[in-house]
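Read off the chains here:
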Amino acid sequence: MAYTEVSLDDASAVVEVAGLSELLTIEKLAGGWANSNYILTLRDNTKLVLKIWNEQSLEDVEYLLSMTSYLSENGVPTPPPIKFNDGKLMMVKDGLAWTLLPFIDGQWLGHDHSSLYSLGATQAKLHLVAPPKNLRNNFSMGNTLFEKLFSIANEKHGWTDFLKMLKSESAVLSENIGEDLPKGIIHGDLFPDNVIGTKDKVKSLLDFEEMCYDVLAFDLVMTFVGFGWENGLPVAERWHSILAGYQSVRTLSDAETNALPDLHRLATLSIAAWRYWQFVINYPNTEHADRYLEMTERLNKKLPF
């Protein structure tokens, strides 16, 4: 993976451009596959996150910052980007976007009933936010990525068993799911490392890089892909907790309920495809090369819906 090393002096210059207190310390922040993240501690004890967007274009970062600002302004619990002295939400250094965010103190959300109920309710509230006019309608880990993988396979004659299966499955699922299910803002990647919680409820949602206009129930089952499995098996109680919280705010239609198995299969394949792209094609020969198999092994397990 690409990673940007940041010195104390580098970070101090960024903090200064934002008109903030003197920087005291900088430390790497664990997590994230496509960005470089650091925790900054200022003299006034404020903590910030410095993010360098290693795999996003400046245009894409500007778009994402405007989207997260919109969500924060509309009641979604996510940290709003901090403005620099010129009024912009990012600065450009060495061709990359550098941004500052408030540091959210907490822990990764747990898997107990109260935590997952809170997660479902928070996600439903997100789904009820009116989509902004410039919201994109392309889920980057879905059909667009699938087609990219198929194109690479054609060019390099690399049709592996996984790609053959993905092509067959995605065609069937696209036909089964159709275009009529309710759509709105989706997060697209509510996995445990994107949700900060307190003891038993959601405190903040992070990393809206997959945010787009798409099927709401797909987003719900993607959350179950992230939170609902343990030791390769689905945990029914976790699904019921997420669903109960969700439906305390927004009730699924019969059509959405009937589509859940196909949507879950598509979500599982989307994560498998992203991992295949990242660790087989983009950054090969690492210890993560087989991570996509964790998802494919789930495809024939009995689901709680």
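First, a word on scope: everything that follows refers to the structure included in this document. All residue numbers refer to position in the chain's written sequence, counted from 1. With the structure being a predicted model, the display of local features is reserved for residues of pLDDT at least 70 and the display and counting of side-chain atom pairs for 80 or more, all residues being used for whole-chain, interface and lining totals. Each side-chain value is derived from all of the structure's non-hydrogen atoms; neither hydrogens nor water enter the calculation.

1. Here's the deal with the overall build of the protein
So, step 1. Of the regular secondary structure elements, the protein holds nine helices and twelve strands.
So, step 2. Against the globule reference of 19 Å for 305 residues, the protein gives a C-alpha radius of gyration of 20 Å, in line with a compact fold.
So, step 3. Type-normalised accessible area, obtained with a 1.4 Å probe on protein chains alone, sets the label of each residue: buried when under 20%, exposed when over 50%, and partly exposed for intermediate values. Residues classed as buried in the protein amount to 49% of the 305 residues present.
So, step 4. What makes two residues a contact is simply this: any of their non-hydrogen atoms within 4.5 Å. Across the protein, every contact between residues at least 6 apart in sequence was considered, and the portion connecting residues at least 24 apart equals 69%.
So, step 5. Using the Shrake-Rupley algorithm and a 1.4 Å probe, accessible areas are obtained, with residue cover drawn only from the displayed protein chains. Looking at the protein as shown, the accessible area adds up to about 14600 Å², and 49% of this sits on carbon and sulfur atoms.
So, step 6. His is not counted here, nor are the chain ends, while Lys and Arg score as positive and Asp and Glu score as negative. Charge positions are represented by NZ for Lys, CZ for Arg, CG for Asp and CD for Glu. Of the side-chain charges in the protein, 26 are positive and 40 negative, and the distance between the mean point of each set is 2 Å. Here a helix means four or more residues in a row that DSSP labels H or I, a strand means two or more in a row labelled E, and each is numbered from the N terminus. Put simply, the radius of gyration uses C-alpha atoms, and a globule should come to 2.2 Å times the residue count raised to 0.38.

2. Overview of the pattern of salt bridges
So, step 1. Any Lys or Arg side-chain nitrogen located within 4 Å of an Asp or Glu carboxyl oxygen qualifies as a salt bridge. Counted under the stated rule, the structure contains eleven salt bridges.
So, step 2. For Lys51, the salt bridge is made with Asp207, and the minimal N-O distance between the two is 3.0 Å. Linking Lys51 in strand E3 (residues 47-53) with Asp207 in the loop between strand E9 (202-205) and strand E10 (212-215), this pair joins segments that are 156 residues apart in sequence.
So, step 3. Residue Lys51 is classed as buried on the basis of its relative accessible area, which comes to 5%.

3. Focus: the packing of aromatic side chains
So, step 1. Here a Phe, Tyr or Trp ring, Trp counted by its six-membered ring, pairs with any other such ring whose centre lies within 6.5 Å, and the pair is stacked when the planes are under 30 degrees apart, edge-to-face when over 60, and tilted otherwise. Evaluated as defined, the whole model comprises eleven aromatic pairs.
So, step 2. Look at Phe150 and Trp159: their rings are 5.6 Å apart centre to centre, the planes differ by 20°, and that puts the pair in the stacked class.
So, step 3. The exposure class of Phe150 is buried, given its relative accessible area of 4%.
So, step 4. Given a relative accessible area of 25%, Trp159 falls into the partly exposed group.

4. Describing the sheet that holds strand E6 (residues 107-108)
So, step 1. Spatially, three strands are ordered E6-E8-E9 in an open sheet, and the strand pairing comes out antiparallel. In the strand order of this sheet, the two ends are held by E6 and E9, each with one partner.
So, step 2. Here the rule is simple: two strands pair whenever DSSP picks up at least two bridges between them. Two strands pair when backbone bridges link them, and strand E8 (residues 195-197) and E9 are joined in this way by three bridges, in the antiparallel orientation. Across the sheet, residue Gly197 finds its bridge partner in E9, namely Val202.

5. Regarding the sheet that holds strand E1 (residues 23-28)
So, step 1. Strand order in the open sheet made by the five strands is E1-E2-E3-E5-E4, with antiparallel pairing throughout. For this open sheet the edge positions go to E1 and strand E4 (91-93), each flanked by a neighbour on one side alone. The average angle at which neighbouring strand axes cross in this sheet is 30°, direction not considered.
So, step 2. Judged from the six bridges that link them, E3 and strand E5 (residues 96-102) form a sheet pairing that is antiparallel. Counted as the bridge partner of Lys51 is Thr99 from E5. Axis geometry follows a simple rule: fit a line to the C-alpha atoms, using only the stretch in contact for helices, then measure angles between N-to-C directions, giving values from 0 to 180 degrees.

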